[in-house]
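The lines below spell out each chain.
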Amino acid sequence: MTNLVLKSEILNNVLENKSINRQEIIDIYQKSVESSNELFLTAQRLRIKNKNNTVTFSKKAFFNIINLCKDTCSYCTYKAEPGEEKISLMSKQQIKELLQLAKKYTCVEALFVTGEQPEKKYPEARNWLKENGFKSTVEYLIHSSEEALELGLFPHTNAGNLNYDEMKELKKTNVSMGIMLENISERLTERGMPHYLAASKKPQTRLKILENSGKLGIPMTTGILVGIGETIEEIIDSILAIKDLHKKYGNIQEVILQNFHPKFDTKMKNHSAPSDLYFKMVVALCRIIMPNSNIQIPPNLSPYSYQEFLSVGVNDWGGISPITSDYVNPEFQWPKIKTVEKNCKKLGFEIKARFPVYPEFLPLVNSDLKQRLSLIADEDDYVKGDYWR
């Protein structure tokens, strides 16, 4: 690949496309704590080799359909309780109006997000469904997805632990779907840990959802949270689990690496956010473990340094919305798309708007959705520049 010779024999092997094992990855990290230069350089070379100088994003609208949730995570501020000001119970009319606004602003992605199976815990959720004429949240999501397609937007649903049949039904109208693995560690589900009161976050449960997505051939976005009390070994094991799933099914289109930020109204309000250096090391390790994958960090969560991550393995910014908030991290506004493009260009990167499904995963999408995508797609199956700009 290159004449570059590093001091690290393991990293030289990586550059020569040789496989490395778990212990070698841990060794790379431990040596990089003293000096991260060779790790970052390797990740940069792999990123350029596999993704060239392109960086992508999805122009989206965030539909906070219902944020009641049967689980409680120690770091989450998205979840609302009945009576709270931040509660969201979107009506069909509100969804339609936001779809129309998204179309006006040439958004491409309709991101549909809900809490985890809210109707199983809350009578308010059951009443909301009844008022809108639905028996389940999934039924409502199917309706909303159909409405989005009619207006020329493309649904990407992230609604927690959907079962096989629910995912199969949503595949008809969603060009991709998403669920965060978050971490494979059972330790993080124990008493006093972030996922103790979140049954849906049990690693084997999440892995089963991802496995089902693979069996169904759904282009899937997943990823991990960084800085919630995990060890580096648990991070590495989580990325390796995602890699194994993709090797088996070939449908993991993107790995999100999301850096934790403490929320003032949560149990983890006094927990520190990970440092930029540590986060960059995790990103670089992910690029080394999954050299051909699309790796994303949310730019709003690293507002002063996101462009620096292009040099350690990142090739995507995820969804950026010109009209809606990030309801999961409401204290962090989306950067302006023009600003992101300018910052990327300064570093020699070309920004492209993609659909919620990456070009290389289009073969997994049904013919009706492909036809709809083609109406605003360029010759490389990205969104036409004169459409989104």
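Everything below is about the structure printed above this text.
Sequence positions are assigned chain by chain, starting from 1 and proceeding in written order. With pLDDT at 70 or above as the cut-off, local features in this predicted model cover only qualifying residues; side-chain atom pairs require 80 or more to be listed or tallied, and sums for whole chains, interfaces and linings still use all residues. Just so you know, side-chain values use all the structure's heavy atoms and leave hydrogens and water out.

Enquirer: Explain the environment of A273 here, please?
Expert: Looking at the element boundaries, A273 is found in the loop between β6 (252–259) and α10 (276–289). Expressed as a C-alpha distance, the spacing of A273 and G133, which sit 140 residues apart in the sequence, is 42 Å. Here, residues are in contact when the closest pair of their heavy atoms is within 4.5 Å. Among all residues touching A273, those that are not within four sequence positions of it are F260, H261 and P262. Under the scheme used here, helices are H or I runs from DSSP no shorter than 4 residues and strands are E runs no shorter than 2 residues, and both carry numbers assigned from the N terminus.

Enquirer: I'm lost on the layout of surface pockets in this one. Help?
Expert: Unfilled space is identified by rolling a water-sized probe across the atoms. Buried and open spaces are told apart on a 1 Å grid over the protein atoms alone, a cavity being a set of points where a 1.4 Å probe fits but cannot get out and a pocket being an open set with protein on both sides within 12 Å along at least five of seven lines. Residues with an atom within 4 Å of a point are the lining residues. Grid points are joined across faces, edges and corners, and a volume is the space filled by probe spheres set on the points. Within this model, the second largest pocket holds a volume of roughly 430 Å³. In terms of lining residues, the second largest pocket is bounded by 19 residues, among which S321, P322, P335, K336 and I337 are the most central. The leading source of residues in the lining of the second largest pocket is helix α11 (residues 337–346), at three residues. Of the residues contributing to the lining of the second largest pocket, the split by class is nine nonpolar, four polar and six charged. Amino acids are sorted into nonpolar (Ala, Val, Leu, Ile, Met, Phe, Trp, Tyr, Cys and Pro), charged (Asp, Glu, Lys and Arg) and polar (every other residue, Gly among them).

Enquirer: What am I meant to see in the packing of helix α3 (residues 37–51) against α10 here?
Expert: Helix-helix packing is described using two parameters, namely the angle between the two axes and the distance between the axes. Contact geometry of α3 with α10 gives a least axis separation of 9 Å together with a crossing angle of 50 degrees. It follows from the interaxial angle that α3 and α10 lie oblique. Both α3 and α10 take part in a crossing whose hand is left-handed. The segment α3 lies against α10, with L39, F40, T42, A43, L46, R47 and K51 engaging L277, K280, M281, A284, L285, R287 and I288. Structural elements are reduced to axes, namely lines fitted to C-alpha atoms, with helices fitted over the stretch in contact, and the angle between N-to-C directions of any two is expressed from 0 to 180 degrees. Comment on the angle field: the value is read as roughly parallel under 35 degrees, roughly antiparallel over 145, roughly perpendicular from 65 to 115, and oblique elsewhere. For any pair of crossing helices, the crossing counts as left-handed if the nearer helix is rotated counterclockwise from the farther one by less than a right angle, and right-handed if it is rotated clockwise.

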